[in-house]
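Coordinate inspection notes
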Amino acid sequence: MRPNIVTEAGVQTRVNQWWNAIPFLTSSVVVVCGLIYLICLLTGYDSFYEVCFLPSAIISRFQVYRFYTAIIFHGSLLHVLFNMMALVPMGSELERIMGSVRLLYLTFLLATTNAILHLLIASLAGYNPFYQYDHLMNECAIGFSGILFSMIVIETSLSGVTSRSVFGLFNVPAKLYPWILLIVFQLLMTNVSLLGHLCGILSGFSYSYGLFNFLMPGSSFFTTIESASWMSSFIRRPKFIMCTGGNSSSYIPTYSVQNTTSSGFSTGNAWRSLSSWLPQREASNQSSEDSRFPGRGRTLSTARDPTAPTGETDPNLHARLLEDSSSPDRLSDATVTTTAEPRQVPVANTAVLPQSQAQGRVAAPEEQIQKLVAMGFDRTQVEVALAAADDDLTVAVEILMSQQA
């Protein structure tokens with residue numbers, strides 16, 4: 001007997017599948033940071049003092065370029081590997097939600113706000129009249145970890161989870177998760193920029209609570225960029241994610257808790273904006289369907305005659321009708337014959353069935369009409385409801401009750 005042979009994909013195939021699943025911008029950041037570190041390693045370049053985020057140099061010589069060069073340089077192989085492995089899951093998820101161009105804009109925004117917060121805190125610590133702490137002004141910070149901490153806060157807020165696992169060891173509340181990571185990294189690792197990570201957390205929370213909404217352009221801005229001719233080579237790539245979906249509030253999606261009072265710092269349409277960028281799927285109505293009335297009923301917005309008497313409906317109407325319809329002696333003796341031609345359904349907002357439609361179906365049994373009229377419903381509405389319900393009493397009653405509600 002031939003033994004069962006289990007074939008498994010090789011390491012190269014698995015790596016290719018993993019890499020192809022990473023969206024365009026996230027994989028591009030990984031490639032850029034990896035190549036920069038490799039070039040620095042091969043050329044022996046270690047003058048990070050020229051490219052790092054150095055508050056004293058930015059203030060004295062106005063070297064604003066350090067806002068962005070600092071995030072793409074890394075000091076060691078472990079540094080760049082750890083940051084890029086953390087970027088892949090978070091960046092991929094955010095890019096699939098926002099699109100490649102939106103995430104690129106958000107990355108530059110977070111890099112700018114992180115640097116400004118870092119600069120302000122370092123300046124307050126170094127130039128305050130009470131106690132001057134000059135160490136923060138001369139601290140040289142590099143690495144993508146500040147952006148990563150902002151993404152951790154944003155991804156945690158968007159996911160809506162209540163708890164997060166810290167390295168699979170223990171769970172912490174989701175709101176405390178970035179703060180726990182900040183403390184753990186500060187205790188376990190050396191040469192870690194506490195202020196850089198702290199500013200990343202502050203920027204992430206500022207974004208999540210809508211403080212950056214006035215800085216976010218509308219969807220037309222990103223659509224214009226994507227439709228540019230120079231973007232065609234990028235858009236044709238299978239990993240590129242378009243910024244599809246409209247956003248009436250013109251904001252990148254933010255997570256906001258439900259609140260009865262509106263605030264200037266919260267976006268009321270935040271979750272709605274996020275849903276507009278996600279693939280939509282029709283919601284099932286089976287959960288809201290009454291178990292006593294199976295099937296799908298059509299709600300007709302029939303015009304009610306204002307001069308017609310409004311009868312009182314019985315509160316036990318559904319139960320009485322079920323008892324009547326389940327009794328064999330109450331069933332109608334009328335036999336309905338169908339033709340080969342399809343029956344036309346009455347159009348909404350009509351009070352009387354047209355003659356052409358009346359010829360396409362057999363009129364409802366008079367006994368059923370009288371039974372519903374005796375329960376307080378208008379005869380014209382009863383006829384329309386029975387026509388829409390295919391002479392099913394239970395569905396007809398459901399339609400009539402929904403109209404009166």
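Quick look at the structure, then. None of the values given here were measured: they were computed from a predicted structure. (Residues numbered from 1 in each chain as written. Predicted model: local features only at pLDDT ≥ 70, side-chain atom pairs only at ≥ 80, totals over all residues. Heavy atoms only, no water.)

On a plain count of helices and strands, the protein chain comes out with 17 helices and two strands. For the protein chain, with 405 residues in total, the buried portion stands at 40%. Considering only intrachain contacts with a sequence separation of at least 6, the fraction spanning at least 24 residues in the protein chain is 70%. (Helix = DSSP H or I, 4+ residues; strand = E, 2+ residues; numbered from the N terminus. Buried < 20%, exposed > 50% of the residue type's maximum accessible area, 1.4 Å probe, protein only. Contact = heavy atoms within 4.5 Å.)

A grouping of Phe82, Phe167, Leu169, Phe170, Ile183, Leu187, Leu188 and Met189 is seen on the molecular surface, where their side chains present a nonpolar patch of about 890 Å² in accessible area. The element best represented in the nonpolar patch is helix α8 (residues 177-188), accounting for three residues. Counting through the fold element by element, Leu169 comes out in the loop between β1 (163-166) and β2 (170-173). (Patch = residues over 30% accessible without salt bridge, like charges linked within 9 Å, V, L, I, M, F, W, Y side chains within 5 Å. Areas by Shrake-Rupley, 256 points an atom, 1.4 Å probe, with all protein chains shown as cover. Salt bridge = Lys/Arg side-chain N within 4 Å of Asp/Glu carboxyl O.)

Under the defined criterion, the tally for this structure stands at one disulfide. Here Cys52 pairs with Cys140 through a disulfide, and the sulfurs are 1.7 Å apart. Taking the sign of the S-S torsion, -125 degrees for the link of Cys52 and Cys140, the bridge is left-handed. Residue Cys52 is found in the loop between α2 (24-43) and α3 (55-61), and its partner Cys140 is found in the loop between α6 (100-127) and α7 (145-159); the two are separated by 88 residues along the sequence. Judged by its relative accessible area of 0%, Cys52 falls in the buried class. When its relative accessible area of 34% is taken as the criterion, Cys140 is described as partly exposed. (Disulfide = S-S within 2.5 Å.)

Here β1 shows a clear split, with Arg164 and Val166 buried on one side and none of Ser163 and Ser165 buried on the other. Relative to β2, β1 runs antiparallel, the two being bridged by four bridges. Paired with Ser163 across the two strands is Pro173, which belongs to β2. Between β1 and β2, which follow one another and run antiparallel, lie three residues, and Phe167 among them has a positive phi close to 55 degrees. (Pairing = 2+ DSSP bridges.)

Okay, the packing of helix α15 (residues 366-374) against helix α16 (residues 379-388) next. At their nearest, the axes of α15 and α16 sit 9 Å apart, and the two run at 130 degrees to each other. With respect to each other, α15 and α16 are oriented oblique. Helix-helix and strand crossings are classified by hand; for α15 and α16 the assignment is right-handed. Mapping the contact onto sequence places Glu366, Gln368, Ile369, Gln370, Leu372 and Val373 in α15 and Arg379, Val382, Glu383 and Leu386 in α16. In terms of residue class, the contact of α15 with α16 is built from five nonpolar, two polar and three charged. (Axes fitted to C-alpha atoms, helices over the stretch in contact; angles between N-to-C directions. Parallel < 35°, antiparallel > 145°, perpendicular 65-115°, else oblique. Left-handed = near helix turned anticlockwise from the far one by under 90°. Nonpolar A, V, L, I, M, F, W, Y, C, P; charged D, E, K, R; others polar.)

Okay, the nonpolar core next. The biggest cluster of nonpolar side chains holds 39 residues, and the ones touching the most others in it are Leu87, Leu106 and Phe144. Sorting the residues of this core by element identifies α2, α5 (77-98), α6, α7, α8 and α9 (194-208) as the ones contributing at least two each. If near-sequence neighbours (up to four positions away) are discounted, Leu87 is found in contact with Thr26, Val29, Val30, Ser92, Phe144, Leu148 and Met151. (Core = buried A, V, L, I, M, F, W, Y, C linked by side-chain atoms within 4.5 Å.)

Taken as a whole, this structure holds three salt bridges when the rule is applied. With a closest N to O distance of 2.8 Å, Glu155 and Arg164 form a salt bridge. Taken as a pair, Glu155 and Arg164 share a single burial class, namely buried. Notably, a salt bridge pairs Glu383 with Arg379, separated by 3.3 Å at the nearest N-O pair. Of this pair, Glu383 and Arg379 are both found in helix α16, four residues apart, which corresponds to roughly one turn of the helix. Each member of the salt-bridge network shares a partner with another, and the members are Glu366, Arg379 and Glu383.

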